[in-house]
Structures are given as structure tokens and as C-alpha cells.
Amino acid sequence: PGVKNTISFRYSGIEAELLKTFPELAAVEARFSWPSGISVKLQERIETACIRTGLKYALVDRDGYVIKLIDEEPEYLPVIEGMGSFEAYEPGSQLDEEQRDLLAVAAEITAQLILTDQAYPDDISLVSLAESISPEDNGFAFLLLQFDNNIVWRVKVSNGRTLSEDIRKLQELA
């Protein structure tokens, strides 16, 4: 029992190779498991945003890591527009600091859309109407809402203390 509790062997080469090969992974822990095995723990990245990158879409996690590039926009996330060219980004790379700040603005707005939809389930879903979010450097963003009857609203929202109230008013108007 004493040897098992004091000796721990990590397989850092395996960990690094898995992280490099699979950008979907946020963390890997591989270690020797007594008496004759290997234990591997994986933590995957969760896509929280979709950013238009020209002809493709980049799915990114909350820390701004590109998980993968896809050809069609997903139906379950609003598309973030106007964050510059991502042509140089590859799965596994991280957005730069300025882009992560813009991502944070868009993520806060998306979160408020989701919270408002959950709080008022009988009203129209803003997440389903949200076609895109275009964050600006000053904490504002333009939210594009697409209705079934081909009417499009372009709304300027602020990532400030009144964001939740503004989103609720928007839902009431929709």
C-alpha cells in the first residue's frame, strides 16, 4: 500500500500528443495505474460560439480556442460576425486578446438571450431568431434577428448593466 500511494508515473509524451492531435481536448492526464495499467482522463472543449471565418465557420470554446472549422453554420448557435479574418487560425489555436474580448461581448449577449428564453418559455425564442451577433470594440454589438416572414431586425445592444432588461424588452417587441 505504501508504494502505491507514493509513486505516480505520468505519461507526458502521450498527453502532449493527444492534445496536439485532438484540438477538441482541453486537458489530458495519463498515468500509470497500479499494478499494470494506464489510466487516461480526458476533458473536452465545449463549443460556445460560432464565428464566420470567410467561407467557413469556426467553433470556439469559452477561452477562445478553435475547436474545428465547419462548412455550414450550426442551427444551435448564433453566428458571430465582423471579428476579422480567421484564415490563419487552425483547430487548436487560440484567438488573440482583442478577439477574445469581442468574443466575451458576444458570449454575454448569447447568454442573456438563452436566460430570457428560459425565463419566458411561452414567448418567442430569441435564440432561434438570432441570425448573427456583430460585437464592436466599445462594448456594443449589433444583433440580427430573422423572422419567418423574411423581416429582419438589426438591433444595437450594449453589454452593460441593462443588457438583461434590453433583451427582455426586445423579446416583448418580437
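This write-up is about the structure you can find in this document. Note that the structure is a prediction, hence the values are computed from the model and not measured.

1. Some points on the pairing of strand 8 (residues 140-146)
- Here five bridges tie strand 7 (residues 130-135) to strand 8, and the two strands are oriented antiparallel to one another. Residue pairing for strand 8: S134 is matched across the bridge by F142.
- The antiparallel pairing of strand 7 with strand 8 creates a hairpin that spans four residues between the two strands, and G139 there sits at a positive phi of about 90 degrees.
- Hairpin connection, strand 8 to strand 9 (residues 152-158): the antiparallel pair is bridged by five residues, and N150 has positive phi, about 65 degrees.

2. Notes on the packing of aromatic side chains
- Applying the stated criterion across every chain, the model contains one aromatic pair.
- The ring of Y65 has R45 sitting right over it, with the charged end atom 4.0 Å from the ring centre.
- Against the face of Y120 rests R168, its NZ or CZ located 3.5 Å from the ring centre.

3. A few points about helix 3 (residues 97-119)
- Its 23 residues place the ends of helix 3 33 Å apart at the C-alpha level, agreeing with the 33 Å of an ideal helix rising 1.5 Å per residue.
- Listing the buried residues of helix 3 in full gives Q99, L102, L103, V105, A106, I109, T110, Q112, L113, T116 and D117.

4. As for the environment of S132
- Take S132: it is sitting in strand 7.
- The spacing of S132 and R52 is 80 residues in sequence and 9.5 Å in space, taken between C-alpha atoms.
- Aside from chain neighbours lying at most four places away, what touches S132 is V79, E81, F142, L143 and L144.

5. Remarks on the pattern of salt bridges
- All chains considered together, the criterion is met by six salt bridges.
- Measuring nitrogen to oxygen at the nearest pair gives 2.9 Å for the salt bridge that ties E29 to R31.
- The exposure class of R31 is partly exposed, given its relative accessible area of 24%.
- Ionic pairing is found between R168 and E172, a salt bridge with its closest N-O pair at 3.4 Å. Taken together, the residues R168 and E172, both in helix 5 (residues 163-173) and four residues apart, mark about one turn of the helix.
- Overall, E172 belongs to the exposed group, its relative accessible area being 55%.
- Here the salt bridges share partners, and the residues they tie into one network are D123, R168 and E172.

6. Quick look at a nonpolar patch on the surface
- On the surface, a cluster of nonpolar side chains totalling about 280 Å² of accessible area is made up of I38, V40 and L42.
- Its place among the elements puts V40 in strand 2 (residues 37-44).

7. Quick notes on the sheet that holds strand 4 (residues 57-60)
- Spatial strand order, 5-4-3-6-7-8-9: seven strands in an open sheet with mixed pairing. Unpaired on one side and paired on the other, strand 5 (66-70) and strand 9 mark the two borders of the sheet.
- Examined bridge by bridge, strand 3 (residues 49-52) and strand 6 (residues 79-80) share two bridges and lie parallel to one another. Paired with C50 across the two strands is V79, which belongs to strand 6.
- This element, helix 3, spans strand 3, strand 4, strand 6, strand 7, strand 8 and strand 9 of the sheet and lies at about 145 degrees to strand 7.
- Packing of helix 5 onto the sheet brings it into contact with strand 8 and strand 9, and relative to strand 9 it is tilted by some 160 degrees.

8. Regarding the environment of Q99
- Examined against the element boundaries, Q99 turns out to sit in helix 3.
- Along the chain, Q99 and E73 lie 26 residues apart, while their C-alpha atoms are 19 Å from each other.

9. Observations concerning the nonpolar core
- Residues L103, I109 and L145 are the most contacted members of the largest nonpolar core, which totals 27 residues.
- Elements represented by at least two residues in this core include exactly strand 3, strand 4, helix 3, helix 4 (126-129), strand 7, strand 8 and helix 5.
- Looking at this core, the element that brings in the most residues is helix 3, giving six residues.
- With residues near it in sequence (within four places) discarded, I109 still touches I133, A141, V157 and L163.

Criteria and thresholds
Residues numbered from 1 in each chain as written. Predicted model: local features only at pLDDT ≥ 70, side-chain atom pairs only at ≥ 80, totals over all residues. Heavy atoms only, no water. Pairing = 2+ DSSP bridges. Helix = DSSP H or I, 4+ residues; strand = E, 2+ residues; numbered from the N terminus. Phe/Tyr/Trp six-rings, centres within 6.5 Å; stacked < 30°, edge-to-face > 60°. Lys NZ or Arg CZ within 6 Å of the ring centre and 35° of its normal. Expected span 1.5 Å × (residues − 1). Buried < 20%, exposed > 50% of the residue type's maximum accessible area, 1.4 Å probe, protein only. Contact = heavy atoms within 4.5 Å. Salt bridge = Lys/Arg side-chain N within 4 Å of Asp/Glu carboxyl O. Patch = residues over 30% accessible without salt bridge, like charges linked within 9 Å, V, L, I, M, F, W, Y side chains within 5 Å. Areas by Shrake-Rupley, 256 points an atom, 1.4 Å probe, with all protein chains shown as cover. Axes fitted to C-alpha atoms, helices over the stretch in contact; angles between N-to-C directions. Core = buried A, V, L, I, M, F, W, Y, C linked by side-chain atoms within 4.5 Å.

Remember that the coordinates give geometry; whether it matters functionally is a separate question.
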